[in-house]
Amino acid sequence: MASPSLMDTLFQRGLDDIIKGVRHQQSSTESIFISRVIEEIRREIKSTDLQTKSTALQKLTYLNSIHFIDMSWASFHAIECISSPTFSHKKIGYLAISQSFSESTPVILLISNQIRKDLKSGNEFEVSLALDCLSRIGTVDLCRDLASEVFILMSSSKVFIRKKAIGVVLRLFEKYPDAVRVCFKKLVESLEGSDSPIVSAVVGVFCELSAKDPRSYLPLAPEFYRILVDSKNNWVLIKVLKIFVKLAPLEPRLAKRLVEPICDHMRKTGAKSLVFECIRTVVTSFTEYESAMKLAAAKIREFLMEDDPNLKYLGLHAISIMAPKHLWAVLENKDVVIQSLSDEDPNIKLESLRLVMAMASESNLMETCRVLVNYALKSDPDFCNEILGSILSTCCQNVYEVIIDFDWYVSLLGEMSRIPNCKKGEEIENQLIDIGMRVKDVRPELVRIARDLLIDPALLGNPFLHRLLSAAAWVCGEYVEFSRNPVELMEALLQPRTSLLPSSIRTVYMQSAFKILIFCIHSYFLQKEDMTSEVSDLASKRQCSESSDLATGKALVQSDQDEGFNPRESNQSYEYPSVVDTGDGQSSTPTFMEKKSLMHESIVNLLNLMELVLSPLSGSLDVEIQERACNVLGFIELVQQEFSNPLIRKEANLDREEVIASRVVEWVHDVFTEELGPVSVTAQDRVPIPDELVLKENLTDLEAICGGVELPAPGSFSLTSPYYGESAVFSVSNLQAEEDSEPSTESTSLLTEHRKRHELYYLPSEKNIIPANDYPPANDPSSSINTNDATEDLVKLADQSLVSKRKPNHAKPRPVVVKLEEGEAAPVVSKKPELKDDLLSGAIHDILLGNEAKAASSQSNPSDKSSSKRKGKAKHVDLLDSKENLAVGEQPNHENPSSRRSKHRGDGKQKSKKSKGKKNGDGREDDGEKESQKIRDHHGRHKSRQRADAPINVVPQTPDIPDYLL
Amino acid sequence: MIKAVLVINTQGKPRLTKFYGFLTVEKQQELIRSVFGVLCSRAEKVSNFMEVDSIFGPDSRLVYKHYATLYFIFVFDSSENELAMLDLIQVFVETLDKCFRNVCELDIVFNYNKLHSILDEIISGGQVLETSSTEIMRAVEEISKCSLPPSPPSLPPSVMSESASNSISLVPKTVSGWRSR
């Protein structure tokens, strides 16, 4: 047994040999070499000689970490190595373990005893190995078993070991939270130590802990504050700042204390990392402190002026944190931001792009976008798409809040889709459709843009744009009445290159073509009807079917003169009758109906064209395409009979067949012209539950569970649309009663009926619910019918006269709507703030309550007036702050009136704190005082206590701080 | 919390990998590959940050430094300061430099164990425990001393004594180490 081991050892290859060996291999033979080595290792690692074994393990560990060779099979050998008395074996073993063990490693429990043994070792480096290992692989069991050992080491006389022990604590707490009881006190004590590495490690631990659950560490704020003021170590300071960023939102009074020391550091330190951390802390947490923000902005400016791209990047990053609340910081650095857009560093470019977009407002949006789009044309594909993406996302924010001129925006979308590298087809698609549905007045322009996109055969070759083209096709079909030339659209939709499209999009094309066809035929019939009436009046049969203008006698007279070339024109090239129409120059709004009509021949041509293109598709393998093709072909067949012999029928009166066809067309047309508005996300909530459904009974218990979640939905909903505000207040049964009383279907158009019946569940898109500062749709006939509010009409009128071109946005963002509603619907307003109050941080709530409790004690108003509460909030806080300031003095807990209030907040929860066990000795001697004060204050407090019950666990904890803070 | 420390050479070969949470080797390889994919596309003299949320998941940041043929990469989350991490890379590299006297890629290739010893002194379980390179050096030297004396009985001590040239290799008692003397 001994001799093979000796032989193995003598001729065993060490790690260096392996490394050299691998280096000498070609990349092709490398894996062969490695697998040979693995074979060798598998043999060697079984050796009873620990030297051989550990060398083999070391080689394996190396291959694992550098060449990604699996080593989970060797876990037991690793355990054998750490049990070796030799340090180097141990070290190899521990490295292997920490690198390869996971929670699911079966043998992991076997190391528990060995680790314990090493933790107790006299050699500090052995202890350190064990601690390191534990901090990486500690499982629940390991942490439970070893918590007490680690605790002992935290009091070790050697700084080296104490430091490492603290490094384990985080893992310990995470896996075995009960360890907190044992170790927490020690940990807090270590904060007070003078040994810099220890404090640094402990603060690091608290930084990690507070990131997960900051509230629990609020009581330690004074400790951290002391470190913030005293420490000279930048590492420690950075970590403390990180902790305070987490704590500050929980305790508003912290900010006041912190701002000065932080600004102090910012001014004095030379370390950029600390400066940056201070800046970040200020801009995230102390945004109300004007002077601090100014200082931060100045420091950021310094960063931006540096040559170091890192600082520049971080500076821009800091500004972008500021941007939402302090736009001035961006504007101040506008020059640098714009300049950075052409920086070679992608990070800087991205960051400055974000800032440029942050600066975009209604007034400068057009200019900004123009510059950016030009810039996108010149930049690399990735950044180009970043630019396009950020333009798109900025513009659609809050339902296109920033956009005034939608015609411009729609043409910008068209322009963007033509940028060669554009990959944002999907987003543009969504916006085109969305805008089409939401903004009525932009539809003519939208159709024009869509047409331009559709007729460009080059775009069909770019798969990224296919989605966009489907949107364009849909727009053309849906809003064909705005088109100058439907025939041209039809040709575009049926062009041969559409075969490049995926079938899902092709079906959209086909459906749109069908819509256009229906529209054309319908308007042909319509015009014919008009003509016949005109004809009988004028008795001019000569050109009745060719006359291209309808509806007004004037137009007819005018067109009579032009008529001469019209038939020829349409016979030769029916694609471009618009040329003729524009020649008339009579209409300002280019709607098809007014401008021109379709000739009999062009309808026939359309039908033929469609039949020609769609016939082959009726045999398509894609069911969707096949079905649509068949449907359309069937329809064509039906209609074609009417047109098959045009010359004979031309002047004849409508016969029966034609009547049938025209009615079919009319029906389909009705279906197509019915508009589908955007549907609110909460629409489902508004559907009354039918009587026969017993949903409610089954779900009552569920409602109790989800109550909190669902609560905001109805409230916020009623806010979205003022018009329905009242009805939303109705109970479901009310709605249902209404619903039932409605007459059932009568109209020919089911959709119209549906809309009428379920008015509520459509977004107010056509209903013209216009927030006062919004722009009403210019030509929405239904709007005035529906608005019964005279004042609203006035507002609308005023808006209209002011800005003729602006369009309405329905479903405005909530904040704006809320503001608007205040006048109109008092009950809703009073509801909303209360909801919000529930969500306010416990700390603010508590302060408010503290104030009100005072007021209540002086016998003022027991009922809570939420509006006054809101108004008073800012003042109250200020007031409190100033008092706090006074209380900050030397003996804060004594009975001076100004400190009383903060005591009120504290004393109520004194009990809970006591039972929890003190983590900190401060403020002990005050307990007696507090008790007595509690009794004294009892009357004043109980009212606020009642209310404080509502916000769950938030309140009980906050009062812990004052004692520590002061 | 530091999530990973990586040293990759300019050809994309890993020279040191340390992940502070368990990852399978396949995952490790994939991460390194994607990090290198982004790194090598970056120009010189640009900032040392990389957005890596897509690679390492949300709340991940990455800083790197490029020395000669090597990238030193630290991946961490929002509880670390970016500039401080850059400083830490500096500390790490300075320590290596002191250890190997003008460190080069070869030193790092052949001193796998020592590298880990140094790194473990700086970072433990993802937390920074030591930032002073003298302290680190002191500990590492002690550890090297610890590793050497107890020579295994299977080899004559004479082989041992000098083979630990530069006290670099922790496995000095090998055929090659013996020959190279």
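Residues numbered from 1 in each chain as written. Chains lettered and ligands numbered in written order. Predicted model: local features only at pLDDT ≥ 70, side-chain atom pairs only at ≥ 80, totals over all residues. Heavy atoms only, no water.

Asker: I'd love a proper account of the overall build of chain B, names of residues and values included.
Answerer: Each helix and strand counted, chain B has eight helices and seven strands in total. Per-residue burial over chain B gives 61% buried out of 181 residues. Taken as a whole, chain B presents about 7,300 Å² of accessible surface, with 53% of it coming from carbon and sulfur. (Helix = DSSP H or I, 4+ residues; strand = E, 2+ residues; numbered from the N terminus. Buried < 20%, exposed > 50% of the residue type's maximum accessible area, 1.4 Å probe, protein only. Areas by Shrake-Rupley, 256 points an atom, 1.4 Å probe, with all protein chains shown as cover.)

Asker: Before we move on, can you summarise the pattern of salt bridges with the specific residues and values?
Answerer: Within this structure, the stated rule accounts for 52 salt bridges over all chains. A:Lys163 is the salt-bridge partner of B:Glu130, the closest N and O atoms lying 2.8 Å from each other. Of this pair, B:Glu130 sits in the loop between β7 (127-128) and α6 (133-147) while A:Lys163 sits in helix α10 (residues 159-175), each in a different chain. The exposure classification of B:Glu130 matches that of A:Lys163, with both residues buried. Measuring nitrogen to oxygen at the nearest pair gives 3.8 Å for the salt bridge that ties B:Arg42 to A:Asp345. Placement of B:Arg42 in the loop between α1 (25-39) and β3 (49-51) and of A:Asp345 in the loop between α20 (334-340) and α21 (346-359) is noted, with the two residues assigned to different chains. (Salt bridge = Lys/Arg side-chain N within 4 Å of Asp/Glu carboxyl O.)

Asker: So what about the interface of chain A and chain B? Which residues, and what values?
Answerer: On the side of chain B, 66 residues touch chain A, which itself brings 69 residues to the contact. Contact with chain B buries surface across chain A, with A:Phe68, A:Arg136 and A:Trp235 losing the most and accounting together for 13% of the total. The residue A:Lys239 makes a salt bridge to B:Glu80 at a minimum N-O spacing of 2.9 Å. Here chain A and chain B share 27 residue pairs in polar contact (both at pLDDT 80 or more) between them. Among the elements that make up the side of chain A that touches chain B, the one with the highest residue count is helix α4 (residues 50-67) of chain A (eight residues). Classifying every residue of the side of chain A that touches chain B gives 27 nonpolar, 22 polar and 20 charged. (Contact = heavy atoms within 4.5 Å. Buried area = accessible area lost by both parts, 1.4 Å probe. Polar contact = N/O pair within 3.5 Å; in protein donor to acceptor, adjacent residues only side chain to side chain. Nonpolar A, V, L, I, M, F, W, Y, C, P; charged D, E, K, R; others polar.)

Asker: Go over the sheet that holds strand β5 (residues 70-76) of chain B with me, naming the residues and quoting the values.
Answerer: All names here are of chain B. Judged by pairing direction, the sheet is antiparallel, and its five strands sit side by side in the order β2-β1-β5-β4-β3 without closing on themselves. The sheet is open, and its two edges are formed by β2 (14-19) and β3, each paired on a single side. The sheet shows a mean angle of 20 degrees between the axes of neighbouring strands, taken without regard to direction. Note: strand β1 (residues 2-9) against β2, five bridges, orientation antiparallel. (Pairing = 2+ DSSP bridges. Axes fitted to C-alpha atoms, helices over the stretch in contact; angles between N-to-C directions.)

Asker: Explain the pairing of strand β4 (residues 61-67) of chain B residue by residue, including any values.
Answerer: Both β3(B) and β4(B) contribute to a ladder of three bridges, which runs antiparallel. The residue bridging B:Phe49 from the neighbouring strand is B:Val63, located in β4(B).

Asker: Got a sec to walk through the packing of helix α18 (residues 309-322) of chain A against α21(A)? Specific residues and values, please.
Answerer: Residues and elements named next belong to chain A. Relative orientation of the contacting elements α18 and α21 amounts to 20 degrees, with a least axis distance of 9 Å. Between α18 and α21, the angle falls in the class roughly parallel. Note on packing geometry: the crossing formed by α18 with α21 is left-handed. Of the residues in α21, those touching α18 at Pro 309, Lys 312, Tyr 313, Leu 316, His 317, Ile 319 and Ser 320 are Asn 347, Ile 348, Glu 351, Ser 352 and Leu 355. Across the contact of α18 with α21, the residue classes tally to six nonpolar, four polar and two charged. (Parallel < 35°, antiparallel > 145°, perpendicular 65-115°, else oblique. Left-handed = near helix turned anticlockwise from the far one by under 90°.)

Asker: Describe unusual backbone geometry, listing the residues and the values that go with them.
Answerer: Residue and element names in this part refer to chain B. A positive phi angle, near 45 degrees, is found at Ala 68, a position not held by glycine. For Ala 68, the location among the structural elements is in the loop between β4 and β5. The exposure class assigned to Ala 68 is exposed, which follows from its relative accessible area of 73%. One non-glycine residue, Asn 102, adopts positive backbone phi at about 60 degrees. In this structure, Asn 102 sits in the loop between α3 (82-100) and α4 (105-110). Assessed through its relative accessible area of 63%, Asn 102 is described here as exposed.

Asker: Could you give an account of α4(A), naming the residues involved and the relevant values?
Answerer: Residues and elements named next belong to chain A. Look at α4: 24 Å from first C-alpha to last across 18 residues, which is about the 26 Å you get at 1.5 Å a residue. The buried fraction of α4 amounts to 17 of the 18 residues, a majority that puts the element mostly inside the structure. Backbone geometry just downstream of α4 places Phe 68 in the positive-phi region, at approximately 55 degrees. (Expected span 1.5 Å × (residues − 1).)

Asker: Which residues make up the packing of aromatic side chains, and what values go with them?
Answerer: All names here are of chain A. Counting across every chain of the model gives 23 aromatic pairs over all chains. A ring pair is formed by Phe 206 and Phe 224, whose centres lie 5.5 Å apart and whose planes are at 70 degrees; its orientation type is edge-to-face. Of the two residues, Phe 206 sits in helix α12 (residues 196-212) while Phe 224 sits in helix α13 (residues 221-230), which places them 18 residues apart along the sequence. In this pair, the class of Phe 206 matches that of Phe 224, namely buried. Taking the centre distance of 6.1 Å and the plane angle of 90 degrees together, the rings of Tyr 375 and Phe 383 count as edge-to-face. (Phe/Tyr/Trp six-rings, centres within 6.5 Å; stacked < 30°, edge-to-face > 60°.)

Asker: Could you give me a rundown of helix α9 (residues 140-154) of chain A, with the residues and numbers involved?
Answerer: All names here are of chain A. Compared with an ideal rise of 1.5 Å per residue, which puts 15 residues at 21 Å, α9 spans 20 Å between its outermost C-alpha atoms and is within 8% of the ideal. Helix geometry: α9 is bent most strongly at Leu 146, by close to 50 degrees. For α9, every residue scored as buried is listed here: Leu 142, Cys 143, Leu 146, Ala 147, Glu 149, Val 150, Leu 153 and Met 154. Taken together, the buried residues of α9 touch α7 (111-119), α8 (124-137), α10 and α11 (179-192). (Bend = angle between axes of the 7 residues up to and from the residue.)

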